[in-house]
Amino acid sequence: MFRTLDIYEAISDLWPDIESIFSFESTAAVRNRAINSLIKLGDAVRTMLADLENSITKDASKISVPGGGVHPLTRYVMNYISFLSDYSGALSDIVADFPMEVPASMPEAYFSSPGPDDGVTSPVSVRLAWLILILLCKLDGKAQFYRDVPLSYLFLANNLRYVVNKVRTSSLKFHLGDEWIEKHDAKVRQYAANYERVGWDRVMSSLPANAAAAMTVPEAAEWFRKFNSAFEEAYRKQSSWVVPDSRLRDEIKISVARKIGPAYRRFYERNRAAVSRQAGSHGIVRYAPDDLENYWSDLFYGPSGGSFSSGSSSRSSVSSSGHGGSSH
């Protein structure tokens, strides 16, 4: 498509000279040949755009990207569309009267076409936004291939962040505008919030509602056991998950730490000493609050990043049988 667009642009740029040089009736055939070339090139581009739409819509690959990372389809389509955005001059003529068809496979939430509500108005901008919308629809379907619901949300957050970053750092930004970027960045944050809610809900609920409340030693010991079990299960499951974008990775880690860390610290400081003094309590208080921070800092780098070989005895306990010494 890009070579075809290059030729289309070259002829369009030369058209004033062609009209001037071959203005006589005797050279009308040259002018007609140039016009016919533009028409045929435009038809070819429209066909290739339709083929691109169909290839995205009909993509039936059921490959789950390990760790919920960026899907190859996302990279390919966004690279393709970002290159297309550099040909806005030629595309504005070619797509002006080229209607869009809503694929039957798109869910109801995607039925509305991109338009002024998204800050997108020109025919080229609408066409580019439409291609991205079809991609997001396919990614929504591919997220369902993950058995872990929190991982499916992480997959959506990763891929949409990739899309937004590609728009922000290419000519697409001038076509789609800041409003489009802000709207879809908000969706990234919503996917991340859904991941946190589903992925860490059991850990959050494993702490008492009032973490600083007075309780008996057996009660506190039981809460510690619940937390240990929930935290270790969540960490072990998520240790191979990835978040390629460093900003999103830090945002999620900080958010999770803020939701769990303070409550655990209050509970830990209130009950650690009493539980640790109890006979047979070895291994019940496994994690100091700072240990949790260290665990969270290792997440989202994939199998090689979220390892348990950092030298901490409490970390190695999570990776093996779940039993370890007290971290106090």
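Keep in mind that this is a model prediction, so the values were computed, not measured. (Residues numbered from 1 in each chain as written. Predicted model: local features only at pLDDT ≥ 70, side-chain atom pairs only at ≥ 80, totals over all residues. Heavy atoms only, no water.)

## Focus on the overall build of the chain
So, point 1. Helix and strand content of the chain: 11 helices and zero strands.
So, point 2. Going from N to C terminus, the chain has its helices and strands arranged as α-α-α-α-α-α-α-α-α-α-α.
So, point 3. Surface exposure of the chain reaches about 16300 Å², of which carbon and sulfur atoms provide 52%. (Helix = DSSP H or I, 4+ residues; strand = E, 2+ residues; numbered from the N terminus. Areas by Shrake-Rupley, 256 points an atom, 1.4 Å probe, with all protein chains shown as cover.)

## Brief notes about the nonpolar core
So, point 1. Core analysis: the biggest nonpolar cluster contains 91 residues, and Leu-84, Trp-200 and Phe-231 have the highest contact counts within it.
So, point 2. The dominant element in this core, judged by the number of residues it contributes, is helix 5 (residues 123-142), at 11 residues.
So, point 3. Non-local contacts of Phe-231, meaning those with residues more than four positions away in its chain, are made with Trp-200, Val-203, Tyr-287, Leu-292, Tyr-295 and Trp-296. (Core = buried A, V, L, I, M, F, W, Y, C linked by side-chain atoms within 4.5 Å. Buried < 20%, exposed > 50% of the residue type's maximum accessible area, 1.4 Å probe, protein only. Contact = heavy atoms within 4.5 Å.)

## Observations regarding helix 1 (residues 2-21)
So, point 1. Spanning 20 residues, helix 1 covers 28 Å between terminal C-alpha atoms, matching the ideal 28 Å at 1.5 Å per step.
So, point 2. Where helix 1 bends most, at Trp-15, the angle is about 50 degrees, and the proline Pro-16 comes one to four residues later.
So, point 3. Taken together, the buried positions of helix 1 are occupied by Thr-4, Leu-5, Tyr-8, Ile-11, Trp-15 and Ile-18.
So, point 4. The elements touched by buried residues of helix 1 are helix 2 (28-57), helix 3 (72-84) and helix 4 (88-94). (Expected span 1.5 Å × (residues − 1). Bend = angle between axes of the 7 residues up to and from the residue.)

## Notes on the environment of Lys-183
So, point 1. With respect to the element layout, Lys-183 can be found in helix 7 (residues 172-204).
So, point 2. Taking the C-alpha atoms as reference points, Lys-183 and Val-164, separated by 19 residues in sequence, lie 9.8 Å from one another.

## A word on the packing of aromatic side chains
So, point 1. Taken as a whole and judged by the stated rule, the model has 20 aromatic pairs.
So, point 2. Taking the centre distance of 5.0 Å and the plane angle of 45 degrees together, the rings of Phe-2 and Tyr-80 count as tilted. A residue pair is termed long-range when its members are at least 10 positions apart, and Phe-2 in helix 1 and Tyr-80 in helix 3 qualify at 78 residues.
So, point 3. The class for Phe-2 is partly exposed, based on a relative accessible area of 23%.
So, point 4. Under the relative-accessibility criterion, Tyr-80 is labelled buried at 16%.
So, point 5. Look at Phe-231 and Trp-296: their rings are 6.1 Å apart centre to centre, the planes differ by 80 degrees, and that puts the pair in the edge-to-face class. Remark: Trp-296 occurs in helix 10 (residues 289-298) and Phe-231 occurs in helix 8 (residues 217-238); sequence separation between them is 65 residues.
So, point 6. Members of the aromatic cluster, joined through ring pairs, are Trp-200, Phe-224, Phe-227, Phe-231, Tyr-235, Tyr-264, Phe-267, Tyr-268, Tyr-287, Tyr-295 and Trp-296.
So, point 7. Stacked on the ring of Trp-223, the Lys or Arg Lys-226 has its end atom at 4.5 Å from the ring centre. (Phe/Tyr/Trp six-rings, centres within 6.5 Å; stacked < 30°, edge-to-face > 60°. Lys NZ or Arg CZ within 6 Å of the ring centre and 35° of its normal.)

## Overview of unusual backbone geometry
So, point 1. Its identity is not glycine, yet Phe-300 carries a phi of approximately 75 degrees, on the positive side.
So, point 2. Residue classification places Phe-300 among the buried residues on the basis of a relative accessible area of 3%.

## A few points about the side chain of Ser-125
So, point 1. Here Ser-125 shows up in helix 5.
So, point 2. Side chain to side chain, Ser-125 and Ser-122 meet in a polar contact 2.8 Å long. (Polar contact = N/O pair within 3.5 Å; in protein donor to acceptor, adjacent residues only side chain to side chain.)

## Some details on the pattern of salt bridges
So, point 1. Here the structure, examined in full by the defined rule, presents 16 salt bridges.
So, point 2. Where Glu-251 meets Arg-161, a salt bridge forms, and the shortest distance between an N and an O atom there is 3.7 Å. Here Glu-251, found in helix 9 (residues 246-277), pairs with Arg-161, found in helix 6 (residues 149-168); they are 90 residues apart in sequence, far enough to count as distant.
So, point 3. Since its relative accessible area comes to 33%, Glu-251 is described here as partly exposed. (Salt bridge = Lys/Arg side-chain N within 4 Å of Asp/Glu carboxyl O.)

## Some thoughts on the packing of helix 7 against helix 8
So, point 1. The interhelical angle for the contact between helix 7 and helix 8, taken along N-to-C directions, is 145 degrees, at an axis separation of 7 Å. Only Phe-227, Ser-229, Ala-230, Phe-231, Glu-233, Ala-234 and Gln-238 of helix 8 make contact with helix 7, whose side of the interface consists of Tyr-195, Gly-199, Trp-200, Arg-202 and Val-203.
So, point 2. A class-by-class count of the residues in the contact of helix 7 with helix 8 yields seven nonpolar, three polar and two charged. (Axes fitted to C-alpha atoms, helices over the stretch in contact; angles between N-to-C directions. Nonpolar A, V, L, I, M, F, W, Y, C, P; charged D, E, K, R; others polar.)

## What about the confidence of the model for the chain?
So, point 1. When pLDDT is averaged along the chain, the result is 85, and 84% of the positions lie at 70 or above.
So, point 2. Per-residue pLDDT, averaged within each element of the chain, yields its smallest value for helix 11 (residues 313-319) (42) and its largest for helix 6 (97).
So, point 3. Scored below 50 in pLDDT, residues 106-113 shows 14 contacts in the model against residues more than four places distant or in partner chains.
So, point 4. Scored below 50 in pLDDT, residues 306-328 makes 53 contacts in the model with residues more than four places away or belonging to other chains. (pLDDT = per-residue confidence, 0-100.)

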